[in-house]
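So you can see what is in the structure, the chains are spelled out below.
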Amino acid sequence: MTTQPLRFIRRGQTVTLHNVPPDRTLLQVLREDLGATGTKEGCGEGDCGACTVVLAEPENGTLRFRAINSCIRLAHSIDGMALWTVEDIAQADGSLHPAQEAMVQCHGSQCGFCTPGFVMSLFGMYQNSTCQGQAISRTGAQEALSGNLCRCTGYRPILDAAQAMEHLPAVRIDEAALLQHLEQLALIVPAPEADFAYKSPRTLAELTAARAAHPQAQIVAGCTDVGLWVTKMHKHFDSVLDVTQVDELRQTIHQADGLQIGAAVTLHDAYTALVASRPQLHSFASRFAGLPVRNSGTLGGNVANGSPIGDSMPLLIALGASVVLASQRGERELLLENLYTGYRTNVMAADEVLAWIKVPHAGAEFMRIYKISKRFDDDISAICLALSLTVVDGIVTTASIGVGGVAATPVRAVQTQAALVGQPWTLATAHAAAAALRAEFQPISDMRASAAYRSEVMGNLLQRFWLESQGQTQINLATFDVEACA
């Protein structure tokens, strides 16, 4: 099969690359094809951040900048976008960009290997903050830099640089000219008869037709997991079907009964929409992964992937979410927990795609979600527990509990819910429910936690949930101020 030419804008010019294999990563293209070796390869899995670059594309008449991991991003996925690497942001006269100059002034670099990643995360932060006219807070900087873990100088100098760069002489991108350039680039469309190895449909009808015609194609929706199959498992894909450019699936729609989140909405944007009505989810959303992963990964990809330790699913199960599957035959809707049949297997037919996730509006329930991992930022959960309770006149009237990390799939704690509903919301009930939760699942031991630890922690988290429902604070790491404790 042939591949469509890859076109993107870099340094104000259109870059056109031919014969790029469908499973070639952006990092490989940058370092090996374009000689842009300022972008580094570290972990190869989206953890360390050394490979960070920045993309921009039009959104509501302006430019949206996103720092992403180039090591796990397929090159063809940036077709039609603008790209910056660390080599691209200094001025023509050699003067440094404020993101670079601030790193120098604040002594934010030591060995230098990971510095390009920091700089590009700072550059993305700088562009979005200056476009929106917002100051960069220390907390915001800390969250934005959570995807850059390799810090030989420590955290403080880089956080200092994040706040210092906005006070340096401003450097502006000519957004109007770049938007016009991107619009012109978007007019270049492939011939209608072309059948490329990398397929990136623009409408849902095109997507379902492509899925029906090519059921063997590897679907990608951000590639933050499939990318690891390429970099770590050395898999090759002859045909790729990318859902991220489907217009209908890039939207979050507020409906009378809840949110309808398109499968191609990024994790960052999906969680922003959820946090708007449920502010208590903010800490969990920022811990889901580093920002570059959340800028590429999609909610639909996380759900369809079906990993037993995928963090979105326990939350969505507790929220009573459903999914809509689409094909040329029509659409069908089912509860999210009924999507899965086993370890990374689901009920989707060969011609179906996951199109939307539907989340009911927030009500009067008391809701918390807990993520237990070895590292606070940017880590995989050993346990993820989401709990939602409605209490009326001291009696539990509804209970909804989603759990990850304890079974072959994300699951609903049906027995524990039954132990809660109809009972008075007391410490004794919480203890009984904790015992039921520990007994309901038989988790395994692995590198992240032992089975005994997982079972014990599940019950402990339910007891923490009780304490928080009674108004207790300072019992959760998320409530501690890092600066105040430093």
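Quick look at the structure, then. (Residues numbered from 1 in each chain as written. Predicted model: local features only at pLDDT ≥ 70, side-chain atom pairs only at ≥ 80, totals over all residues. Heavy atoms only, no water.)

**Considering the overall build of the protein chain**
Looking only at helices and strands, one finds 17 helices and 19 strands in the protein chain. Split into buried and exposed, the 486 residues of the protein chain put 54% on the buried side. When the accessible area of the protein chain is evaluated, it comes to approximately 20,400 Å², of which 53% is carbon and sulfur surface. Of the charged side chains in the protein chain, 35 are positive and 46 negative, and the gap between their average positions amounts to 4 Å. (Helix = DSSP H or I, 4+ residues; strand = E, 2+ residues; numbered from the N terminus. Buried < 20%, exposed > 50% of the residue type's maximum accessible area, 1.4 Å probe, protein only. Areas by Shrake-Rupley, 256 points an atom, 1.4 Å probe, with all protein chains shown as cover. Lys, Arg positive; Asp, Glu negative; His and termini not counted. Charge placed at Lys NZ, Arg CZ, Asp CG, Glu CD.)

**Re the pattern of salt bridges**
Following the criterion strictly, the structure yields 25 salt bridges and no others. Glu365 is the salt-bridge partner of Arg278, the closest N and O atoms lying 4.0 Å from each other. Of this pair, Arg278 sits in the loop between α9 (267-277) and α10 (282-287) while Glu365 sits in the loop between β15 (353-360) and β16 (366-372), placing them 87 residues apart in sequence. According to the relative accessible area criterion, Arg278 is buried, its value standing at 3%. Connected via shared salt-bridge partners are Glu57, Glu59, Arg64, Arg66, Arg250 and Asp269. (Salt bridge = Lys/Arg side-chain N within 4 Å of Asp/Glu carboxyl O.)

**Thoughts on the packing of aromatic side chains**
Per the stated rule, a full pass over the model turns up eight aromatic pairs. Ring centres of Trp84 and Phe123 lie 5.8 Å apart, and the angle between their planes is 55 degrees; this geometry places the pair in the tilted category. In this pair, Trp84 is assigned in strand β5 (residues 82-84) and Phe123 in helix α3 (residues 115-132), connecting sequence segments 39 residues apart. According to the relative accessible area criterion, Phe123 is buried, its value standing at 2%. Residues Tyr271 and Phe288 carry aromatic rings whose centres are separated by 5.5 Å and whose planes lie at 45 degrees to one another, so their mutual orientation is tilted. Of the two residues, Tyr271 is situated in helix α9 and Phe288 in the loop between α10 and α11 (291-296); the sequence distance between them amounts to 17 residues. (Phe/Tyr/Trp six-rings, centres within 6.5 Å; stacked < 30°, edge-to-face > 60°.)

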